[in-house]
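# Structural overview
Next come the chains, spelled out residue by residue.
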Amino acid sequence: MLGQGCGKRVLARGPCAEVTRCTCGHIHLALGPVTIRVEEEVLRAIGLTMAEALQNLDEPERRHAEESDSESAPSLLGGWKQ
(Lines give C-alpha, C1' and ligand atoms only; values in the text may rest on other atoms or scores of the structure.)
Protein backbone atom coordinates (compact mmCIF):
# COMPACT_ATOMS: atom_id res chain seq x y z
CA MET A 1 0.00 0.00 0.00
CA LEU A 2 1.31 3.48 -0.81
CA GLY A 3 2.74 5.47 2.05
CA GLN A 4 3.53 2.44 4.18
CA GLY A 5 7.28 1.99 4.20
CA CYS A 6 9.31 -0.37 6.26
CA GLY A 7 10.08 0.53 9.84
CA LYS A 8 13.77 0.72 10.67
CA ARG A 9 15.57 -0.06 13.92
CA VAL A 10 19.05 1.39 14.48
CA LEU A 11 21.57 -1.36 15.22
CA ALA A 12 24.61 0.93 15.44
CA ARG A 13 25.43 4.57 14.82
CA GLY A 14 28.76 6.36 14.69
CA PRO A 15 30.13 9.63 13.37
CA CYS A 16 30.61 8.21 9.84
CA ALA A 17 28.20 5.30 9.56
CA GLU A 18 24.84 3.92 10.62
CA VAL A 19 23.49 0.39 10.43
CA THR A 20 19.73 -0.21 10.54
CA ARG A 21 17.48 -3.24 10.12
CA CYS A 22 14.24 -2.90 8.19
CA THR A 23 11.11 -4.67 9.38
CA CYS A 24 11.25 -6.54 6.04
CA GLY A 25 14.63 -7.97 7.09
CA HIS A 26 17.06 -5.93 5.02
CA ILE A 27 20.14 -4.41 6.63
CA HIS A 28 21.03 -0.87 5.56
CA LEU A 29 24.67 0.22 5.90
CA ALA A 30 24.84 4.00 5.50
CA LEU A 31 28.30 5.48 4.92
CA GLY A 32 27.95 9.23 4.54
CA PRO A 33 25.70 9.89 1.54
CA VAL A 34 25.80 6.25 0.36
CA THR A 35 23.49 3.51 1.66
CA ILE A 36 24.11 -0.15 0.85
CA ARG A 37 21.37 -2.74 1.39
CA VAL A 38 22.77 -6.15 2.33
CA GLU A 39 21.70 -9.43 3.84
CA GLU A 40 22.70 -10.29 7.40
CA GLU A 41 25.38 -12.78 6.28
CA VAL A 42 26.97 -10.13 4.05
CA LEU A 43 27.02 -7.61 6.91
CA ARG A 44 28.77 -10.20 9.10
CA ALA A 45 31.36 -10.85 6.35
CA ILE A 46 31.94 -7.10 5.94
CA GLY A 47 32.42 -6.82 9.70
CA LEU A 48 35.04 -9.57 9.72
CA THR A 49 36.85 -7.99 6.79
CA MET A 50 36.85 -4.57 8.48
CA ALA A 51 38.09 -6.07 11.76
CA GLU A 52 40.95 -7.75 9.89
CA ALA A 53 41.82 -4.49 8.15
CA LEU A 54 41.90 -2.64 11.48
CA GLN A 55 44.16 -5.30 12.96
CA ASN A 56 46.49 -5.09 9.95
CA LEU A 57 46.75 -1.31 10.27
CA ASP A 58 48.84 -1.88 13.39
CA GLU A 59 51.28 -4.30 11.75
CA PRO A 60 54.62 -3.20 10.28
CA GLU A 61 54.56 -2.07 6.66
CA ARG A 62 57.24 -4.63 5.78
CA ARG A 63 54.84 -7.51 6.29
CA HIS A 64 52.21 -5.88 4.07
CA ALA A 65 54.79 -5.40 1.32
CA GLU A 66 55.71 -9.10 1.49
CA GLU A 67 52.05 -10.15 1.31
CA SER A 68 51.29 -7.90 -1.66
CA ASP A 69 54.30 -9.32 -3.54
CA SER A 70 52.95 -12.85 -3.11
CA GLU A 71 49.44 -11.76 -4.17
CA SER A 72 50.56 -9.91 -7.29
CA ALA A 73 50.39 -13.03 -9.49
CA PRO A 74 47.05 -13.34 -11.30
CA SER A 75 44.63 -15.78 -9.74
CA LEU A 76 43.72 -18.73 -11.90
CA LEU A 77 40.78 -19.60 -9.67
CA GLY A 78 38.87 -16.40 -10.27
CA GLY A 79 37.16 -14.78 -7.32
CA TRP A 80 36.36 -11.22 -6.46
CA LYS A 81 39.06 -8.61 -6.94
CA GLN A 82 38.98 -4.87 -6.62
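For the structure itself, consult the block above.
Below is a short write-up of the structure. Residue positions are given per chain, counting from 1 as you read along its sequence in written order. Residues qualify for local features only when their pLDDT is at least 70, as the model is predicted, and side-chain atom pairs are given and counted only at 80 or more; totals for whole chains, interfaces and linings, by contrast, use all residues. Excluded from the side-chain calculation are hydrogens and water; included are all heavy atoms of the structure.

### Thoughts on the overall build of the protein chain
- The helix and strand tally for the protein chain stands at 2 helices and 4 strands.
- Start at the N end of the protein chain and walk to the C end: the helices and strands fall as β-β-β-β-α-α.
- The buried share of the protein chain, reckoned over its 82 residues, is 11%.
- Counting contacts in the protein chain only where the partners sit at least 6 residues apart, residues at least 24 apart contribute 2% of the total.
- Each accessible area is a Shrake-Rupley result for a 1.4 Å probe, and residues are judged covered by the shown protein chains and nothing else. Within the structure as shown, the protein chain displays about 7,200 Å² of accessible surface, and the carbon and sulfur contribution to it stands at 58%. Strands are runs of DSSP state E lasting at least two residues, helices are runs of H or I lasting at least four, and both sets are numbered from the N terminus onward. Relative accessibility under 20% of the residue-type maximum defines a buried residue, over 50% an exposed one, and the middle range a partly exposed one, all with a 1.4 Å probe and only protein chains included. Any two residues whose heavy atoms approach within 4.5 Å are treated as being in contact.

### A short note on the environment of Leu 29
- Within the secondary structure, Leu 29 is located in strand S3 (residues 27-31).
- Along the chain, Leu 29 and Ala 12 lie 17 residues apart, while their C-alpha atoms are 9.6 Å from each other.
- Beyond its immediate chain neighbours, meaning those up to four positions away, Leu 29 contacts Glu 18, Val 19, Val 34, Thr 35, Ile 36 and Ile 46.

### Looking at the pattern of salt bridges
- By salt bridge we mean one thing: a side-chain nitrogen of Lys or Arg within 4 Å of a carboxyl oxygen of Asp or Glu. One pass over the structure, following the stated rule, counts 3 salt bridges.
- Among the ionic pairs, Glu 18 bridges to Arg 13, the shortest N-O distance being 2.6 Å.
- Glu 18 sits in the partly exposed class, given a relative accessible area of 25%.
- With a closest N to O distance of 3.5 Å, Arg 21 and Glu 40 form a salt bridge. With Arg 21 in strand S2 (residues 17-22) and Glu 40 in helix H1 (residues 40-57), this residue pair connects regions lying 19 residues apart in the sequence.
- The partly exposed category is assigned to Glu 40, whose relative accessible area is 29%.
- Overlapping salt bridges, with partners in common, bring together Arg 21, Glu 40 and Arg 44 in one network.

Read these as geometric descriptors, not functional statements.
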